[in-house]
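Listed below, chain by chain, are the residues.
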Amino acid sequence: MESISYDRFTTPEAEINHTGQKFLLESGRQNRKMYIIYGVLVLYVFILTLAVGIKISQVSQDVADVGLSVESIVASIKEAPKTLQIENAHFSERVMPVRGPCQEDWVFYKDSCYFQSSAKKSWQNAENNCIQKGSHLVVVNDLDELDFLSAIVKTSNSYWMGLVEKEEGQWSWVDGTDFSATEHHWDIGQPDDWDFRVNGEDCGQIHARITEERRRLWNDADCTLSYPYICERKPKSH
Ligand SMILES: [Ca+2]
Ligand SMILES: [Ca+2]
Ligand SMILES: [Ca+2]
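Criteria and cut-off values
Residues numbered from 1 in each chain as written. Chains lettered and ligands numbered in written order. Predicted model: local features only at pLDDT ≥ 70, side-chain atom pairs only at ≥ 80, totals over all residues. Heavy atoms only, no water. Helix = DSSP H or I, 4+ residues; strand = E, 2+ residues; numbered from the N terminus. Buried < 20%, exposed > 50% of the residue type's maximum accessible area, 1.4 Å probe, protein only. Contact = heavy atoms within 4.5 Å. pLDDT = per-residue confidence, 0-100. Disulfide = S-S within 2.5 Å. Donors = N, O, S within 2.8 Å, 3.2 Å for Na, K, Ca; no water. Tetrahedral: all angles 85-135°; square planar, octahedral: opposite > 155°, others 65-115°.

## Concerning the overall build of the protein
Thinking step 1. Helix and strand counts for the protein stand at four helices and eight strands.
Thinking step 2. Ordered by position in the sequence, the α and β elements of the protein form the string α-α-β-β-α-β-α-β-β-β-β-β.
Thinking step 3. Burial statistics for the protein: of 238 residues in total, 28% are counted as buried.
Thinking step 4. Within the protein, residue pairs in contact and separated by at least 24 positions form 71% of the contacts whose partners lie at least 6 positions apart.

## Concerning the confidence of the model for the protein
Thinking step 1. For the protein, per-residue confidence averages 79 on the pLDDT scale, and residues scoring 70 or more make up 69% of the total.
Thinking step 2. Note on residues 72–92: pLDDT under 50 across the span, and 11 contacts to partners over four residues away in sequence or across chains.

## Considering the state of the cysteines
Thinking step 1. Scanning the entire structure with this criterion turns up three disulfides.
Thinking step 2. Two residues share a disulfide in this structure: C130 and C231, whose sulfurs sit 2.0 Å from each other. Disulfide C130 to C231: torsion about the S-S bond roughly -80 degrees, handedness left-handed. One end of the pair, C130, is in helix α3 (residues 123–132); the other, C231, is in strand β8 (residues 230–233), and 101 residues separate them in sequence.
Thinking step 3. Two residues, C203 and C223, share a disulfide whose sulfurs are 2.1 Å apart. The sign of the 105 degrees torsion about the S-S bond sets the C203-C223 disulfide as right-handed. Placement of the pair is C203 in strand β6 (residues 203–206) and C223 in the loop between β7 (218–221) and β8, with a sequence separation of 20 residues.
Thinking step 4. For C203, a relative accessible area of 0% translates into the label buried.
Thinking step 5. C223 sits in the partly exposed class, given a relative accessible area of 24%.

## Focus: the coordination of the calcium ion (ligand 3)
Thinking step 1. Each protein donor to the calcium ion (ligand 3) is listed here as Q190 (OE1), D192 (OD), E201 (OE), N219 (OD1), D220 (O) and D220 (OD); together their distances run 2.3 to 2.4 Å.
Thinking step 2. Taken together, the six donor atoms coordinating the calcium ion (ligand 3) span angles of 69 to 146 degrees at the metal, a pattern that classifies the geometry as irregular.
Thinking step 3. Along the chain, the residues donating to the calcium ion (ligand 3) are arranged with the sequence spacing Q-x1-D-x8-E-x17-N-D.

## What about the coordination of the calcium ion (ligand 1)?
Thinking step 1. Bound to the calcium ion (ligand 1) are the protein donor atoms V139 (O), N141 (OD1), E145 (OE), E145 (OE), E232 (OE) and E232 (OE), situated 2.2 to 2.7 Å from the metal.
Thinking step 2. Because the angles between the six donor atoms bound to the calcium ion (ligand 1) fall within 51 to 138 degrees, the donor set is best described as irregular.
Thinking step 3. Every donor residue of the calcium ion (ligand 1) comes from the same chain, spaced as V-x1-N-x3-E-x86-E. With N141 in the loop between β3 (136–137) and α4 (143–152) and E232 in strand β8, the pair connects residues that are 91 residues apart, well separated along the chain.
Thinking step 4. Judged by relative accessible area, N141 falls into the partly exposed class, the value being 32%.
Thinking step 5. Looking at E232, the relative accessible area reads 5%, which means it is buried.

As structure tokens, then:
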């Protein structure tokens with residue numbers, strides 16, 4: 001009670017004194033607020049500086065990585081021709097087809113004559129046409145012969161060859177050469193007996209080239225489709 005009376009009946013001096021203390025108290029609080037705001041600001045600037053620093057170092061790293069990538073791409077481009085040259089070493093000498101002892105429109109290689117059709121026929125019609133010419137669809141006996149054929153045919157065409165699958169999985173050469181005794185040069189993923197139609201794929205062809213590889217590999221295709229073809233025969237003197 002005494003305290004309440006004292007507060008209620010203070011003198012004007014006491015009021016002034018009290019107001020002064022109050023002012024000092026509020027001013028102290030404001031100073032503290034200022035310090036806190038200042039501290040928060042300093043902390044914010046510090047964090048911002050740190051974040052910007054980290055970001056700059058990341059960007060520098062990214063720029064360095066991009067630089068390295070560009071260098072490696074340039075290096076791989078410079079290396080590419082060398083790799084291709086090595087892969088295609090067997091084609092280093094350009095093949096100049098010669099007629100030799102063969103008929104007109106035929107080319108000679110080792111001990112065979114080859115005819116490359118421009119007309120497209122089904123596999124059986126192609127074989128019949130070769131037979132009419134005293135030959136058969138080409139039998140690829142080894143890699144040298146495949147490389148020779150690869151060098152003389154057009155890149156974008158597939159060509160029927162003398163390979164046929166009489167029963168699924170049982171391939172045979174038209175001239176009676178033992179298929180199991182010859183090298184097999186199927187393209188990647190072939191033979192796949194792809195059945196766009198009910199027939200599946202039972203006839204062999206020298207596949208159109210889809211990569212920079214110059215060697216042409218084999219594909220099994222639907223026998224009823226029309227493709228150009230290659231006939232092979234011995235020269236007449238044989
Ligand atoms: Ca042959
Ligand atoms: Ca087949
Ligand atoms: Ca196929």
